[in-house]
Amino acid sequence: MPKHRTPTQLRCFATTWTRGICLVVWLIAWPAGQSLAEDKTAATAEPVAATQAVESPAADPATDAEAEPDQPLSGHSYHGEAFNRGPRQAAELLPGMGNIDFPSSAREEQTQQFINQGVAALHGFWYLEAERSFRQAATLQPDLGIAYWGMAMANTNNSTRAREFIENAKQRRGEATRREQMYIDALANFLSKPEKSENAEQKKKRQQQYIDALEGILNEFPDDIEARALLALQLWQARLTVPIASNHAVNALMSEVFAVNPLHPAHHYRIHLWDGPRPANALASAALCGQSLPGIAHMWHMPGHIYSKLHRYEDAIWQQEASARTDHAHMTRARLMPDQIHNFSHNNEWLVRNLIFLGRVEEALRQSEDLLAMPRHPDYNSLTKRGSYRLGRTRLLQTLTEFELWERLVEAGQGPLLEPTTDDELLDEHRQWMIVARTLSGNADAARNDLRSFHRNRLKLETEVLDLEEALDGVEEDKRKADKRTGTLQKTRSKLDSLKQRIALCETAAAVAAKDKSAFDAAIGKAGKVEDVLAASWRGQAGDRDGAIEALKKLADQRTNQVRPLAILIDQLWQADKQDEAVERFATLRKLAGSADLETPLLARLRPVADKAGVEGDWRIPHEPADDIGERPELDTLGPRFWSSYLAPRWKAHTADDEPIDDDHYQGKPKVLIFYLGFGCLHCVEQLKAFQPKVAEFAAQGIEVVGISTESVAELRKGIETYGEAAPLPLLADPDHEAFKAFRCWDDFENLPLHGTFLIDADGRVRWQDISYEPFSQVDFLLDESRRLLAIPAQR
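Every value quoted in this text rests on a predicted model; they were computed, and no experiment measured them.

A count of helices and strands for the protein chain gives 36 helices and nine strands. For 796 residues, the compact-globule formula gives about 28 Å, and the C-alpha radius of gyration of the protein chain, at 30 Å, lands near that figure. Taken along the three principal axes of its C-alpha coordinates, the protein chain extends 90 × 70 × 70 Å. Scored against the burial criterion, the 796 residues of the protein chain give a buried share of 55%. For the protein chain, the computed accessible surface area is about 34,500 Å², with 49% contributed by carbon and sulfur atoms. Once the 94 positive and 118 negative side-chain charges of the protein chain are each reduced to a mean point, those two points are 4 Å apart.

Where burial is concerned, most of strand E3 (residues 671-676) is hidden: six out of the six residues are buried. What you see with E3 is no split at all: Lys-671, Leu-673 and Phe-675 on one side and Val-672, Ile-674 and Tyr-676 on the other are buried throughout. Inspection of the sheet shows E3 paired to strand E4 (residues 704-709) by six bridges, in the parallel sense. Residue pairing across strands places Val-672 opposite Val-705, the latter belonging to E4.

One can describe the packing of helix H28 (residues 563-575) onto helix H29 (residues 579-592) by two numbers: an axis separation of 9 Å at closest approach and a directional angle of 160°. The pairing of H28 with H29 is recorded here as roughly antiparallel in orientation. As for how H28 packs across H29, the hand of that crossing is left-handed. Residue-level contacts link Val-563, Leu-566, Ala-567, Leu-569, Ile-570, Leu-573 and Trp-574 of H28 to Gln-579, Glu-581, Ala-582, Arg-585, Phe-586, Thr-588, Leu-589 and Leu-592 of H29. Here the residues of the contact of H28 with H29 are counted per class, giving eleven nonpolar, two polar and two charged.

What follows concerns the packing of aromatic side chains. Under the counting rule described, the total for this entry stands at 23 aromatic pairs. With a centroid separation of 5.7 Å and 70° between ring planes, the pair formed by Trp-300 and Trp-318 is classed as edge-to-face. Taken together, the residues Trp-300 in helix H15 (residues 297-309) and Trp-318 in helix H16 (residues 313-334) connect sequence positions 18 residues apart. When its relative accessible area of 15% is taken as the criterion, Trp-318 is described as buried. Ring centres of Trp-406 and Trp-433 lie 6.4 Å apart, and the angle between their planes is 15°; on these two criteria the pair is classed as stacked. Placement of the pair is Trp-406 in helix H20 (residues 406-413) and Trp-433 in helix H21 (residues 424-440), with a sequence separation of 27 residues.

Take the pairing of strand E8 (residues 755-760) next. With six of its six residues buried, E8 lies for the most part within the structure. Here E8 shows no split at all, with His-755, Thr-757 and Leu-759 on one side and Gly-756, Phe-758 and Ile-760 on the other all buried. Where E3 meets E8, five bridges bridge the pair, whose relative direction is antiparallel. Across the sheet, Lys-671 pairs through a bridge with Ile-760, a residue of E8. Note that E8 and strand E9 (residues 766-772) share six bridges and pair antiparallel.

With that settled, consider the environment of Asn-281. With respect to the helices and strands, the residue Asn-281 is situated in the loop between helix H12 (267-275) and helix H13 (283-286). In this structure Asn-281 comes out as partly exposed when scored by relative accessible area, which is 23%. With near-sequence residues (within four places) excluded, Asn-281 lies in contact with His-248, Arg-270 and Trp-274. Here Arg-278 takes part through its side chain, which lies 2.4 Å from a polar atom of the side chain of Asn-281.

All right, on to the pattern of salt bridges then. A side chain with one charge can pair with a side chain of the opposite charge if their charged atoms come near. All told, the structure shown has 55 salt bridges when counted by the stated rule. With its nearest N and O atoms 3.2 Å apart, the salt bridge here joins Arg-787 to Glu-419. Residue Arg-787 is found in helix H36 (residues 779-790), and its partner Glu-419 is found in the loop between H20 and H21; the two are separated by 368 residues along the sequence. Residue classification places Glu-419 among the buried positions, given a relative accessible area of 14%. Here Glu-581 and Lys-553 are joined by a salt bridge, their closest N and O atoms 3.1 Å apart. Of this pair, Glu-581 sits in helix H29 while Lys-553 is found in helix H27 (residues 545-558), placing the two residues 28 residues apart along the sequence. Its relative accessible area of 23% is what places Glu-581 among the partly exposed residues.

Direction vectors running N to C along H27 and H28 enclose 150°, while the axes themselves pass 9 Å from each other. If you check the angle between H27 and H28, you find them roughly antiparallel. Note on packing geometry: the crossing formed by H27 with H28 is left-handed. On H28, the residues that touch Arg-545, Ala-548, Ile-549, Leu-552, Lys-553, Leu-555 and Ala-556 of H27 are Pro-565, Leu-566, Ile-568, Leu-569, Gln-572, Leu-573 and Gln-575. Taken together, the residues of the contact of H27 with H28 sort by class into ten nonpolar, two polar and two charged.

Before going further, it helps to spend a moment on the side chain of Thr-600. Its place among the elements puts Thr-600 in the loop between H29 and helix H30 (601-604). Accessibility expressed as a relative area gives 5% for Thr-600, which makes it buried.

Let us look at unusual backbone geometry. One non-glycine residue, Arg-335, lies in the positive phi region at around 55°. With respect to the secondary-structure elements, Arg-335 resides in the loop between H16 and helix H17 (344-357). When its relative accessible area of 23% is taken as the criterion, Arg-335 is described as partly exposed. Phi at Asn-561 is positive, roughly 65°, even though this residue is not glycine. Mapped onto the secondary structure, Asn-561 falls in the loop between H27 and H28.

Relative to the helices and strands, Asn-168 is located in helix H7 (residues 159-171). Contacts of Asn-168, omitting those with residues within four sequence positions, involve Phe-83 and Tyr-148.

What follows deals with helix H11 (residues 247-260). Because an α-helix completes one turn every 3.6 residues, residues spaced three or four positions apart along the sequence face the same direction. With 14 residues, H11 should cover 20 Å at 1.5 Å per step; its first-to-last C-alpha distance of 21 Å lies within 8% of that length. Restricting attention to buried positions, one finds in H11 the residues Val-250, Asn-251, Leu-253, Met-254, Val-257 and Phe-258. The arc enclosing the buried residues of H11, seen along the axis, measures out at 155°, which places them on a common side. Pointing more than 90 degrees away from the buried face of H11 are the exposed residues His-248, Ala-259 and Val-260. Buried residues belonging to H11 abut helix H10 (225-237), H12 and H13.

Quick look at helix H6 (residues 145-153) now. When you tally the buried positions in H6, you get nine out of nine residues, the bulk of the element. Within H6, the full set of buried residues consists of Gly-145, Ile-146, Ala-147, Tyr-148, Trp-149, Gly-150, Met-151, Ala-152 and Met-153.

Now for the environment of Met-182. Here Met-182 is to be found in helix H8 (residues 178-191). Among the residues examined, Met-182 registers a relative accessible area of 12% and is labelled buried. It is 8.4 Å that separates the C-alpha atoms of Met-182 and Leu-214, two residues lying 32 residues apart in sequence. Those residues within four positions of Met-182 in sequence are excluded, and the remaining contacts are Gly-216, Ile-217, Glu-220 and Phe-221.

Another point: the environment of Ala-519. With respect to the helices and strands, Ala-519 occurs in helix H25 (residues 517-524). Taking relative accessible area as the criterion, Ala-519 reaches 30% and is therefore assigned partly exposed.

About the thresholds
Residues numbered from 1 in each chain as written. Predicted model: local features only at pLDDT ≥ 70, side-chain atom pairs only at ≥ 80, totals over all residues. Heavy atoms only, no water. Helix = DSSP H or I, 4+ residues; strand = E, 2+ residues; numbered from the N terminus. Rg over C-alpha atoms; globule rule 2.2 N^0.38 Å. Buried < 20%, exposed > 50% of the residue type's maximum accessible area, 1.4 Å probe, protein only. Areas by Shrake-Rupley, 256 points an atom, 1.4 Å probe, with all protein chains shown as cover. Lys, Arg positive; Asp, Glu negative; His and termini not counted. Charge placed at Lys NZ, Arg CZ, Asp CG, Glu CD. Pairing = 2+ DSSP bridges. Axes fitted to C-alpha atoms, helices over the stretch in contact; angles between N-to-C directions. Parallel < 35°, antiparallel > 145°, perpendicular 65-115°, else oblique. Left-handed = near helix turned anticlockwise from the far one by under 90°. Contact = heavy atoms within 4.5 Å. Nonpolar A, V, L, I, M, F, W, Y, C, P; charged D, E, K, R; others polar. Phe/Tyr/Trp six-rings, centres within 6.5 Å; stacked < 30°, edge-to-face > 60°. Polar contact = N/O pair within 3.5 Å; in protein donor to acceptor, adjacent residues only side chain to side chain. Salt bridge = Lys/Arg side-chain N within 4 Å of Asp/Glu carboxyl O. Expected span 1.5 Å × (residues − 1). Arc of directions from axis to C-beta.

All quantities given are derived from atomic positions and should not be read as evidence of function.
The structure is reproduced here in structure tokens:
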């Protein structure tokens, strides 16, 4: 095994020799089109097992020059691959983390507090902060095996990392108590990698063994309520492999936990247990879940599952807003981008759905727009990944189309939030709804012009299908499946079918605008799935009032406590001159719409119905809070309603001429700051090379690109001189690492610099960031995202 290295020996302060090698790679030997990332095996050292978590001796240039070939790449952890990812900034003891007591071998009280906080975060599925807390505990006490068990528990959905962490725990097992050893052994066996692909029976056996091991802890330590809670969780999580014999038996197990600690976060698990089979059985836990761990957003979110299933949308909205506010507070505190937090986008898009159900249209639109305004990132929030952007786009379109806000849809479709994309499916969706919106807002000429592009694509795809069918016509039947053209034909047919459905939807909208019932009937059957209530509304507008009313009566009954289907039904009844029935149903709507937006066109149209009912002014009946929701804090105490980008920290650096420079020099204009680890870092050189040809394009958008290095002024000057020509962007030196630390481009656990890239707007707000063990080199992505984000006003 390679000998243990200090952070000083492993950091990337380049010597003259290594800098020269890097620049030769950059200027001479770089194969065209090849990235260093394509061949990391030669450059990546064998991971060095950590014998202690932090070592911070004084810098010694002599030892830098003596670095051996087994050192990891710059920015990488010297503990092993698993430690590269995850949190690398120090943990803090956070507010609202409950009253968990998980006894350990911690020698100091603060170390034990971080263990307790980590276990609490595990109960709240707050995996990022759970891992951070356990890393902090390991930093304070490197031989604390249960801290590495906690890191593994925080990564059970990432088995590769979890196995490396649990191996670290096993190495420290000898220092652990008997109870801790049982926890470590149970998880180590559960995570053990099978020699071959695991079949269903093997998975079932492994799951059952983990259940048995947790029961073994209880047998030996019957007062351990954490083992009870984790056993209940495992019984639920393994249910698809090891079926639960009785939900009430698992519920009783959790009741034993609550008998000892009424505010134990196992209320989270009780909600999951009953969420599917019988939500009402979890109402007591729904009233206590958030209160048990108020600092964790997901704990406020989970009761929303129960209330949504029970059609108690006001209560669900309260829970989901509480969750959003708690996340926003933590993002500001920890300087995280929104989608770095587990389940953030899921909570907020569900909040939009419940706002829609209650007719709170403006809030739904604002919440959707807020999701769309979140910074995108190729790893966790992009066109192709489920995150704030995709979900926000879906919910914004849903709100605008279901409430038939066609003029606002046209406006949104021309702005930065709902702009056309490079994704073919999303682009066609955008075109489809723009055609529909223009048709129904009175701009039929523009709609017809847009529709022609659909028809041109249809003709093109039809030709491709015919050509492929003809090419395959002579191929023997048994050979067709293996022929690549067969797959191409299937994909092309699918695209053609989807496009035909979009065209039919546009033709349906045209029939509605023309009030042509026959054309409507002919088109809507070909339009694929049209949202049921919208289809019924359109049917009435096209002239089939009776058909619309019949469909809406069924939908109003099916969609319990939802405002929109009942409001549209009342409107259709009124239009059909069935005023008495409209007034009768209006009495029910008044209670459902207690917080609805009366100014939205759908509800504004009901003013004559309210007058007929003898109700003047605001006809809504406010919602009365239920008596089973527990004690709720004021929402403002949990955090801000919407996310806002944080103000960039102040920083100082030096030019290669040793001139001091600070952030005031760049005030008043957008900038991209690149924190790189010197010319001796091969991947940093690759990053600078990637940015070099794009600097002018950033400048065309008014964005200056600036590089800040870990090097001394002399090292920076030498690197620029060796480069041999004017650097493509300003390069600054931060030898004391003050700027790196200010921007959190620093591993607090190992005392090492990290790579960082930041987009800062003209007001000094950080609109986008990437901090990692590897430099961000997807420059085209950042260029496009910078353009998009800077066109969206920052939330303050």
